[in-house]
Every structure is written in C-alpha cells, then in structure tokens.
Amino acid sequence: MKRIALAVLIVAGTSLTAAPAQAASCRTSDVTVVVQFPDGHTEIGCAGGDPDSGYAALEKAGFRITYAQGNGAGAVCRLDGAPSGNNCGSMPPANAYWAYFYGTPGGSWTYSTRGAGSRNPKPGTVEGWRFQDSSTTKEPSTAPPTQVSPAKPTKSPTKAPTKAPTKASPAAPTKKPGKTPTAAPTPTSSTSAAATPTGPPTPSATSSVYEPIGTQLPTFSNGLPTDTSKPVSRSSEEGDDGGISWIWGLVLLAVLAAAGTTVAVRRRG
C-alpha cells in the first residue's frame with residue numbers, strides 16, 4: 001500500500017517535533033494507518049478491505065512487523081526494522097516500545113488499552129503507532145487524517161438497441177427542366193417523291209409525238225389533191241422546225257407525184 005513519509009525538523013536544544021502530515025487521504029472504505037518512527041518521521045498507509053486486527057491493518061497498509069519473543073511473544077518489537085537496537089528476545093521495556101492508538105478521521109487519538117491483536121478496526125477508522133522513548137506516553141504528532149469517499153463506479157453507458165434502419169422507397173426521379181424532345185419530322189410525300197427515283201415519264205395520249213395518218217386517200221378537186229386527213233397535231237414541246245418536218249415534206253412530194261400521174265392518165269384518155 002501507499003506510504004507517505006513526513007519530514008521532521010530538528011532544532012538544536014529542543015525536543016523532536018514531527019510536522020503535521022499533509023498526505024493524500026485514504027478512502028472511507030479503508031483503514032488509515034499512521035506510524036511515527038523513532039527518528040520522528042511519520043508514514044501513512046491505507047489498509048484496504050476490512051482487516052480483522054490491528055496487526056492485519058499494519059500489514060495491509062504495507063508495514064513490516066517484527067514480533068517480540070520470550071515473555072513478550074505477540075508484542076510489536078520493530079516496524080520496518082526500527083528501532084534497530086531493540087532487543088526482540090523479550091518484552092520491550094516501558095520506555096522503548098511501540099504504543100498503539102486509534103481515532104476517527106479529523107478527530108483525536110485514543111490510547112488503546114488492548115493489544116493490537118485483540119482489536120478489530122472498522123473501515124473508515126484510523127490506527128496510530130508511535131515509538132515511545134520515555135516513560136511518558138506520547139501520541140502521534142499527526143492528527144488522524146480525514147478520508148475521502150471512494151468514487152462511485154461509473155456505469156458503462158448501455159448502448160440502446162438501434163432499430164434496423166427502414167429502407168426508404170426510392171423517390172421517383174425528377175425530370176430535369178429543359179426542352180422536351182420532339183419527334184423527328186415525318187417525311188412528306190414531296191420529300192419521299194424526291195428521294196425515290198422514278199423511271200422516264202410515260203407519254204400520255206395528249207403528249208404523243210405525232211398522230212398516225214389515216215388510210216383514206218386524199219380526194220382531188222379540179223385535178224388538185226385535197227387533204228381530207230386530220231391535221232397532224234404536234235407536241236407542245238416541239239418547235240416549228242421539229243424533227244418530223246421532213247416527213248411532211250416526203251408526204252407532200254408523194255401526193256404531188258400521184259396527182260401528176262393521175263392528170264397524165266386522164267389526159268391520155
């Protein structure tokens with residue numbers, strides 16, 4: 001156990017005087033043990049638990065006991081080897097022995113008329129020892145020190161059970177503002193017609209290059225041929241000197257030749 005030494009001031013021509021103990025206090029659940037040695041210094045120890053005797057409190061506070069022998073068997077002869085000159089073969093003399101005291105924290109000392117083996121100190125009390133170097137009993141110079149209450153154990157925080165997180169339904173995606181895409185324009189008939197290649201135009205009845213000549217032969221009047229056939233229609237796309245002008249020239253020559261032949265035949269007749 002923890003023991004704290006107290007300094008002693010020695011002044012020439014004066015008696016030994018121990019300075020008051022200024023030590024950390026023991027807990028109220030301990031037995032405080034104060035020991036003042038022959039040289040005047042004081043040590044304080046804390047005996048934990050509930051020692052069943054004054055001797056047990058000394059040992060639990062960390063002090064080493066040497067017992068007297070012979071007719072003084074059971075008496076304390078030395079504490080931590082002091083005093084070294086004490087004869088432990090018999091009962092220590094009345095002017096050189098360890099006196100035993102008890103007290104209450106912050107109170108005063110009381111000399112024990114019973115031996116340390118017969119007393120059962122209670123937790124929260126104070127035990128005192130001082131080596132006597134004269135026939136006058138001297139109590140420890142240090143008053144019974146006060147004690148402190150032990151700190152209450154702090155309960156470890158209990159972690160409250162956490163409910164399993166509820167899976168939130170995913171929110172519907174929000175459309176970003178912007179232009180609404182429009183459908184591609186459907187190609188119109190003109191576009192389709194332009195895209196679709198066509199073959200050469202089929203000529204219609206009104207766009208024929210020429211109209212076939214009838215089989216009816218021309219009639220003659222006064223020896224001159226009269227053309228009773230329908231005029232040949234020309235395509236609006238041909239000019240006056242189109243590609244069929246030479247055909248009409250040939251026809252005209254043939255008609256004139258036929259007419260000449262007919263006139264000659266008539267003249268001969």
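Since the model is a prediction, treat every value here as computed from it, not as a measurement.

As a further point, take the overall build of the protein. In terms of regular secondary structure, the protein is built from 3 helices and 12 strands. Counting all 269 residues of the protein, 27% fall into the buried class. Pairs at least 24 residues apart make up 53% of the contacts formed inside the protein by residues separated by at least 6 positions.

Taken across its 7 residues, strand β10 (residues 126-132) has 7 buried, putting it largely inside the fold. Judged by which residues are buried, β10 turns out to be covered on both faces: V126, G128, R130 and Q132 on one side and E127, W129 and F131 on the other are all buried. When strand β4 (residues 31-36) meets β10, the two strands line up parallel, connected through 5 bridges. Pairing of T32 across the sheet is with V126, part of β10. In the sheet, strand β8 (residues 97-103) pairs with β10 via 7 bridges, with the strands oriented antiparallel. Paired with W98 across the two strands is F131, which belongs to β10.

Turning our eyes to something else, we now look at the confidence of the model for the protein. Reading predicted coordinates in detail is not appropriate for stretches of low pLDDT. Per-chain confidence: the protein averages 72 in pLDDT, with 53% of residues scoring 70 or above. In the predicted structure, residues 5-23 sits below a pLDDT of 50 and forms 30 contacts with residues beyond four places in sequence or in another chain. Contacts for the low-pLDDT stretch residues 231-239, under 50 throughout, to residues beyond four places or in other chains number 13 contacts.

Right, let's talk about the pattern of salt bridges for a bit. In this structure the tally under the stated criterion is 3 salt bridges. When the shortest N-O distance is used, the salt bridge between R27 and D30 registers 3.3 Å.

Within the structure shown, the criterion is met by 2 disulfides. Covalently, C26 is tied to C46 through a disulfide, its sulfur atoms 1.7 Å apart. Its S-S torsion of about -85° marks the bond between C26 and C46 as left-handed, since a negative value means left-handed. Placement of the pair is C26 in the loop between β3 (17-18) and β4 and C46 in strand β5 (residues 42-47), with a sequence separation of 20 residues. Grouping residues by exposure puts C26 and C46 together as buried. Each sulfur of the disulfide joining C77 and C88 lies 1.8 Å from the other. Its S-S torsion of about -85° marks the bond between C77 and C88 as left-handed, since a negative value means left-handed. Placement of C77 in strand β7 (residues 76-79) and of C88 in the loop between β7 and β8 is noted, with a sequence separation of 11 residues between them. For C88, a relative accessible area of 13% corresponds to the buried category. For the protein, the bonded cysteines connect in the pattern 1-2, 3-4 when numbered consecutively along the sequence.

For the peptide bond that leads from A82 to P83, omega is -5°, which places it in the cis range. Here the phi dihedral of D80 falls at roughly 55°; this positive angle occurs in a residue that is not glycine. Inspection of the secondary structure assignment puts D80 in the loop between β7 and β8.

Here the focus is the nonpolar core. Across soluble globular proteins, nonpolar side chains show a tendency to be buried alongside one another. In terms of nonpolar packing, the biggest core is built from 20 residues, with V33, V35, L58, L79, W98 and W129 touching the most fellow members. Mapped onto this core, the elements with two or more residues apiece are β4, α1 (54-60), β7, β8 and β10. Excluding its chain neighbours within four sequence positions, the residues that come into contact with V35 are H41, T42, E43, L58, F63, L79, W98 and W129. By size, the runner-up hydrophobic cluster in this structure holds 7 residues, among which are V34, I44, W109 and V126.

Attention shifts here to the environment of T113. By secondary structure assignment, the location of T113 is in the loop between β9 (109-111) and β10. Accessibility expressed as a relative area gives 76% for T113, which makes it exposed. Linking T113 and A99, residues 14 residues apart in sequence, is a C-alpha distance of 9.8 Å.

Conventions and cut-offs
- Residues numbered from 1 in each chain as written.
- Predicted model: local features only at pLDDT ≥ 70, side-chain atom pairs only at ≥ 80, totals over all residues.
- Heavy atoms only, no water.
- Helix = DSSP H or I, 4+ residues; strand = E, 2+ residues; numbered from the N terminus.
- Buried < 20%, exposed > 50% of the residue type's maximum accessible area, 1.4 Å probe, protein only.
- Contact = heavy atoms within 4.5 Å.
- Pairing = 2+ DSSP bridges.
- pLDDT = per-residue confidence, 0-100.
- Salt bridge = Lys/Arg side-chain N within 4 Å of Asp/Glu carboxyl O.
- Disulfide = S-S within 2.5 Å.
- Core = buried A, V, L, I, M, F, W, Y, C linked by side-chain atoms within 4.5 Å.

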